[in-house]
2 protein chains.
Amino acid sequence: MQPNVYEANCPSRQLLDRIGDTWSVLVVVTLAEGIHRYTELAKRIEGVSPKMLTQTLRGLERDGLITRTVHPVVPPRVDYALTELGHSLYALVEGLEKWAETHIEDVQAARAAYDATVQAYSAK
Amino acid sequence: MQPNVYEANCPSRQLLDRIGDTWSVLVVVTLAEGIHRYTELAKRIEGVSPKMLTQTLRGLERDGLITRTVHPVVPPRVDYALTELGHSLYALVEGLEKWAETHIEDVQAARAAYDATVQAYSAK
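The structure reproduced in this document is the subject of the present report.

1. What to know about the packing of helix 5 (residues 84-123) of chain A against helix 1 (residues 11-20) of chain B
In the contact formed by helix 5 of chain A and helix 1 of chain B, the axes pass within 8 Å of each other and the chain directions differ by 100 degrees. One finds that helix 5 of chain A runs roughly perpendicular with respect to helix 1 of chain B. Contact residues: Leu96, Glu97, Trp99, Ala100, Glu101, His103, Ile104, Val107, Gln108 and Arg111 of chain A in helix 5 of chain A; Pro11, Ser12, Leu15, Leu16, Ile19 and Gly20 of chain B in helix 1 of chain B. Of the residues contributing to the contact of helix 5 of chain A with helix 1 of chain B, the split by class is nine nonpolar, four polar and three charged.

Okay, here's the thing in structure tokens:
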């Protein structure tokens, strides 16, 4: 059976949920720049809670997109790096990030126009 | 100020949430094939609730990614189409969809390996 994201129960549907997730996107793009420690990721990705970051990292590790290396030093040092599979995703999610940054003004203009139309309609 | 998705309050961060969302991805990719009616979208995108589909379509319309055309016929006909801005997003999100379908087996193998390691560790 061919994977098909349009089927509700196809595992590829759940995978699409994972890879489109904002926290996953930001972690993957950051790790494409090089190995990062947990604290570095937490600092770079503003607004992510420790719980959400830990959950995102564990999910990405389980899915084979990143590796987690614990160095036996005091205090313990934990490094995260992108795997080859993670790199194959990187080009795509980096595109999403750039698109969001490039087109936010177009989108905001569209929202203003939409809201004005809805208001004009409601005032009738 | 340059938009920066790493800043928690940058509007581009919220836009990234929108464009990575699975329902948005599936709607955009479907509409890239041509104009669709509401009922056609609901049928094609298995598992989406009417409430979630309506909410997704309204969000995409407000953001300027799709248009909604109501035809004054009985019963009313509503068509959805991708805008130029929506088309610029399409290439990216189609890549995500294909990646999920292409790599689901790699990801499932990684998960099995991860789970086996965790189990072996717990059994010690």
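That was the structure; now back to the text.
2. Concerning empty space enclosed by the protein
Over the atoms rolls a probe the size of a water molecule, and its path tells where empty space is left. Residues and elements named next belong to chain B. One pass over the full model with this rule turns up one cavity of 30 Å³ or more. Every residue lining the largest cavity is listed: Arg18, Ile19, Ser24, Val25, Val28, Leu60, Leu65, Leu89 and Val93. Every element with two or more residues in the lining of the largest cavity is listed here: helix 1, helix 2 (22-32) and helix 5 (84-123). The leading source of residues in the lining of the largest cavity is helix 2, at three residues. Taken together, the residues of the lining of the largest cavity break down into seven nonpolar, one polar and one charged.

3. A closer look at the interface of chain B and chain A
Contacts between the two partners involve 50 residues from chain B, matched on the other side by 50 residues from chain A. The contact between chain B and chain A buries some 4,800 Å² in all, and 66% of this surface belongs to carbon and sulfur atoms. The tally of links between chain B and chain A comes to four salt bridges. Across the pair arginine 62 of chain B and aspartate 115 of chain A runs a salt bridge whose closest N-O atoms are separated by 2.8 Å.

Definitions and limits used
Residues numbered from 1 in each chain as written. Chains lettered and ligands numbered in written order. Predicted model: local features only at pLDDT ≥ 70, side-chain atom pairs only at ≥ 80, totals over all residues. Heavy atoms only, no water. Axes fitted to C-alpha atoms, helices over the stretch in contact; angles between N-to-C directions. Helix = DSSP H or I, 4+ residues; strand = E, 2+ residues; numbered from the N terminus. Parallel < 35°, antiparallel > 145°, perpendicular 65-115°, else oblique. Contact = heavy atoms within 4.5 Å. Nonpolar A, V, L, I, M, F, W, Y, C, P; charged D, E, K, R; others polar. 1 Å grid on protein atoms, 1.4 Å probe; cavity = no way out; pocket = protein on both sides within 12 Å on 5 of 7 lines; lining within 4 Å. Points joined across faces, edges and corners; volume = space filled by probe spheres on them. Buried area = accessible area lost by both parts, 1.4 Å probe. Salt bridge = Lys/Arg side-chain N within 4 Å of Asp/Glu carboxyl O.

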